[in-house]
Amino acid sequence: MPMLQPATVLTRHIEQLYQQHSRQVLATLIRLLGDFDRAEDALQEAFSAALVQWPLTGVPASPVPWLISTGRFKAIDKLRQQQRFVSDGETVLAQIASDEADDSFVLQMDQQQWPDDYLRLVFTCCHPALSMEAQLALTLREVCGLTTEQIARAFLQTPSTIAQRIVRAKQKIKAAAIPYQVPPPQQLAPRLQAVHKVIYLLFNEGYSMPGNQSVSDDGMLQADLAQQAIDLAKQLLALHFDTESCGLLALLLLQHARRQARFTAHGELILLPEQQRQLWDQVLISEGIRHVETALASGRIGPYAIQAAIAAVHSESTDSASTDWPQIHALYQLLHRLEPTPVVALNQLVAFSMCHGPAAALLQLPPLLADENLAQYHLLFAVAADFHRQLGQNSEALIFYRQALLLATNPADQQFLQQRLLELSAP
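Heads up: these notes are all about the structure in this document.

Reading the values: rules and limits
Residues numbered from 1 in each chain as written. Predicted model: local features only at pLDDT ≥ 70, side-chain atom pairs only at ≥ 80, totals over all residues. Heavy atoms only, no water. Helix = DSSP H or I, 4+ residues; strand = E, 2+ residues; numbered from the N terminus. Buried < 20%, exposed > 50% of the residue type's maximum accessible area, 1.4 Å probe, protein only. Areas by Shrake-Rupley, 256 points an atom, 1.4 Å probe, with all protein chains shown as cover. Phe/Tyr/Trp six-rings, centres within 6.5 Å; stacked < 30°, edge-to-face > 60°. Lys NZ or Arg CZ within 6 Å of the ring centre and 35° of its normal. Expected span 1.5 Å × (residues − 1). Arc of directions from axis to C-beta. Contact = heavy atoms within 4.5 Å. Salt bridge = Lys/Arg side-chain N within 4 Å of Asp/Glu carboxyl O.

**A word on the overall build of the protein**
1) Next: Along the backbone of the protein there are 21 helices and 0 strands.
2) Next: Among the 427 residues that make up the protein, the fraction classed as buried is 50%.
3) Next: Put simply, the protein shows about 20,600 Å² of open surface, and 53% of that area lies on carbon and sulfur atoms.

Put into structure tokens, the structure is as follows:
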């Protein structure tokens, strides 16, 4: 008989399982049940059942398969109760209650299949029948577990707009009977752009938060989100070699290598020039640089490969002063030709300032300040403030730092900006 645990300890254990494995369980339930909403209900039913049963029976030896099996059978039971009221109830029930998917089948599932379920779900959400905006919103919600509020922040839109977009995307997948599968190699190319962007946004959501403030609105561990993105990038590259897939993985590894140096023990942001580079993970840096070299050697360089090359230049520098800023500026110029967005232009200007000084950079700032696409981007105003701060123009710096603080949503960014305001306001 399994050893029982105190109720409070067991509850915390179940909460931890939810944080670590809920998206994995959901991905498999979507495959088994063939419907997003049905799988989401089954996920909640499974964890609710665990809270009731495990205090009496103990934690099963394989809790994740137990949750998948329980969720699936909860869904089947609900369908049986509802099928007389639903015209296609018997058909759906036959599809998800086949003999080959009985309880023993689910409980004995090979754990190696779960990552495949995860990648299948990514490609389903990124089907070209959906708009790019719908693909990204749906994937970030269903695959990554981000809340509508988090997704809205990433796209600078309202939560209600994002919620409607997700609902419509699910309805379209169901109506069009979009298959839950990784596409064959000849159909991969048109899907990769959205998959790359989703993985990148997922990583940024996890990377932006310090470890001691790492629980998101729905209980997901932010640090897990960054590692989740890296795992997905590795799976994608193993599935199909593509220069941008290789560059994306390199970029994530090189960025993640700095995670221990980016925040203080109290969660305060540490900018790149002040980071203790001995804390950077040299194993991840070596792995990332190998992927950068592979991507660049292919001859077909894309935006992620260029960003990875920029990160590699930083990683190979012993300190900020020895960084090859002219090379970084040249790489940003190349990136801007491929991806002429205002955010890339801003990063290019920062690199320019490191080569030619903040006064020269300020002369090029007005067009970016007038760009409506950057009006809600707090880093634009933080950069402007820092140029003025370096020049000793504290009054102008204070104005821009206040504007940046109004727009910042990340607690670590807010804390950093508040500290800058205090420093410049001190007599």
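**Focus on the packing of aromatic side chains**
1) Next: Under the defined criterion, the tally for this structure stands at 4 aromatic pairs.
2) Next: Taking NZ or CZ as reference, Arg-72 lies 4.6 Å from the ring centre of Phe-73, over its face.
3) Next: Directly above the aromatic system of Tyr-207 lies the positively charged group of Arg-262, at a separation of 3.8 Å from the ring centroid.

**Looking at helix α9 (residues 159-175)**
1) Next: Between its first and last C-alpha atoms α9 spans 24 Å; for 17 residues at 1.5 Å apiece the expected length is 24 Å, and the two agree.
2) Next: Among the residues of α9, those classed as buried are Ile-162, Arg-165, Ile-166, Ala-169, Lys-170 and Ile-173. The buried side chains of α9 occupy one side of the element, clustering within an arc of 135 degrees when seen end-on. Exposed residues pointing more than 90 degrees away from the buried face of α9 are listed as Gln-171, Lys-174 and Ala-175.

**Topic: the environment of Leu-192**
1) Next: Mapping Leu-192 onto the fold places it in helix α10 (residues 189-207).
2) Next: For the pair Leu-192 and His-127, spaced 65 residues apart in sequence, the C-alpha to C-alpha distance is 10.0 Å.
3) Next: Beyond its immediate sequence surroundings of up to four residues, Leu-192 is in contact with Phe-123, Leu-236, His-240 and Asp-242.

**Digging into the pattern of salt bridges**
1) Next: Scanning the model with the defined rule gives 9 salt bridges in all.
2) Next: Lys-170 is paired through a salt bridge with Asp-37; the nearest N and O atoms lie 3.2 Å apart. Linking Lys-170 in helix α9 with Asp-37 in helix α2 (residues 36-57), this pair joins segments that are 133 residues apart in sequence.
3) Next: Residue classification places Lys-170 among the buried positions, given a relative accessible area of 15%.
4) Next: By sharing partners, the salt bridges in this structure join Asp-37, Glu-40, Glu-142 and Lys-170 into a single network.

Don't take any of this as a statement about function, it's just geometry.
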